[in-house]
Amino acid sequence: MDRIKDTQKLITELYDEYVASLKITPKPIDFNDIKSIEKVFESIYIGNSKATLNRTPYPQKLSSKLREAFADLLLLMDGVDLNIPKETPEDAAT
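Residues numbered from 1 in each chain as written. Predicted model: local features only at pLDDT ≥ 70, side-chain atom pairs only at ≥ 80, totals over all residues. Heavy atoms only, no water.

**Student:** Is there a simple way to think about the overall build of the protein in this case?
**Tutor:** Helices and strands together make up the secondary structure of the protein, namely four helices and zero strands. Reading the protein from its N end, one meets helices and strands in the order α-α-α-α. In the protein, the proportion of contacts linking residues at least 24 apart, taken out of those at least 6 apart, comes to 61%. Total accessible area computed for the protein in this model is approximately 7000 Å², and 55% of it derives from carbon and sulfur atoms. (Helix = DSSP H or I, 4+ residues; strand = E, 2+ residues; numbered from the N terminus. Contact = heavy atoms within 4.5 Å. Areas by Shrake-Rupley, 256 points an atom, 1.4 Å probe, with all protein chains shown as cover.)

Here it is, written out as structure tokens:
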């Protein structure tokens with residue numbers, strides 16, 4: 001549960017920085033509603049794609065970090081934590 005809260009906090013910080021760098025009106029994120037999370041995640045992805053196609057300035061590194069954090073959050077909400085080390089067969093034998 002702490003990982004979810006930490007990831008939500010990271011998303012909020014990165015999203016505020018992202019919105020400020022693009023000087024756009026932020027879309028509200030309701031962390032209790034997966035559709036809301038997916039909608040903002042998708043808008044960031046589409047913005048990145050449009051900027052790439054149009055060759056316009058875009059905060060690529062920030063966008064990448066933000067999309068990574070959104071993906072992590074969605075996985076955590078599905079009960080998948082990729083940061084937990086997997087047990088190898090050698091570990092099980094000892």
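**Student:** Explain the nonpolar core here, please?
**Tutor:** Generally speaking, nonpolar side chains in soluble globular proteins are found buried as a group. Core analysis: the largest hydrophobic core is formed by 19 residues, its most contacted members being I11, Y15, Y18, I44, L66 and F70. Looking at this core, the elements with two or more residues in it are α1 (2-22), α2 (34-54) and α3 (60-77). The element that contributes the greatest number of residues to this core is α3, accounting for seven residues. Filtering out sequence-adjacent residues up to four positions away, Y18 remains in contact with I24, I44, Y58, P59, L62, S63 and L66. (Core = buried A, V, L, I, M, F, W, Y, C linked by side-chain atoms within 4.5 Å. Buried < 20%, exposed > 50% of the residue type's maximum accessible area, 1.4 Å probe, protein only.)

**Student:** Whenever I open this one, the packing of α2 against α3 confuses me. Can you help?
**Tutor:** For any two helices packed against each other, the geometry is given by the interaxial angle and the distance between the axes. Following both chains from N to C, one finds α2 and α3 inclined at 155°, their axes separated by 10 Å at the closest point. As judged from the angle between their axes, α2 and α3 are roughly antiparallel. You can see that α2 and α3 cross each other, and the crossing is left-handed. On α3, the residues touching I34, I37, E38, V40, F41, I44, Y45, N48 and T52 of α2 are Q60, S63, L66, R67, F70, A71, L73, L74 and M77. Of the residues contributing to the contact of α2 with α3, the split by class is twelve nonpolar, four polar and two charged. (Axes fitted to C-alpha atoms, helices over the stretch in contact; angles between N-to-C directions. Parallel < 35°, antiparallel > 145°, perpendicular 65-115°, else oblique. Left-handed = near helix turned anticlockwise from the far one by under 90°. Nonpolar A, V, L, I, M, F, W, Y, C, P; charged D, E, K, R; others polar.)

**Student:** Mind showing me how you'd approach the confidence of the model for the protein here?
**Tutor:** Detailed conclusions should not be drawn from predicted coordinates in areas where pLDDT is low. Mean pLDDT over the protein works out to 86, with 88% of the residues at or above the 70 mark. Helix α4 (residues 89-93) is the least confidently modelled element of the protein, averaging 57 in pLDDT, while α1 averages 93, the highest of any element. (pLDDT = per-residue confidence, 0-100.)

**Student:** Is there a simple way to explain the pattern of salt bridges in this structure?
**Tutor:** Close approach of charged atoms allows side chains of opposite charge to pair. Tallied over the entire structure, the rule returns two salt bridges. With a shortest N-O distance of 3.0 Å, R3 and D72 are connected by a salt bridge. Here D72 lies in helix α3 and R3 lies in helix α1, a separation of 69 residues in the sequence. Put simply, D81 and R3 hold a salt bridge, and the shortest N to O gap is 3.0 Å. A residue pair is termed long-range when its members are at least 10 positions apart, and D81 in the loop between α3 and α4 and R3 in helix α1 qualify at 78 residues. For R3, a relative accessible area of 26% translates into the label partly exposed. When salt bridges that share partners are traced, they join R3, D72 and D81 into one network. (Salt bridge = Lys/Arg side-chain N within 4 Å of Asp/Glu carboxyl O.)

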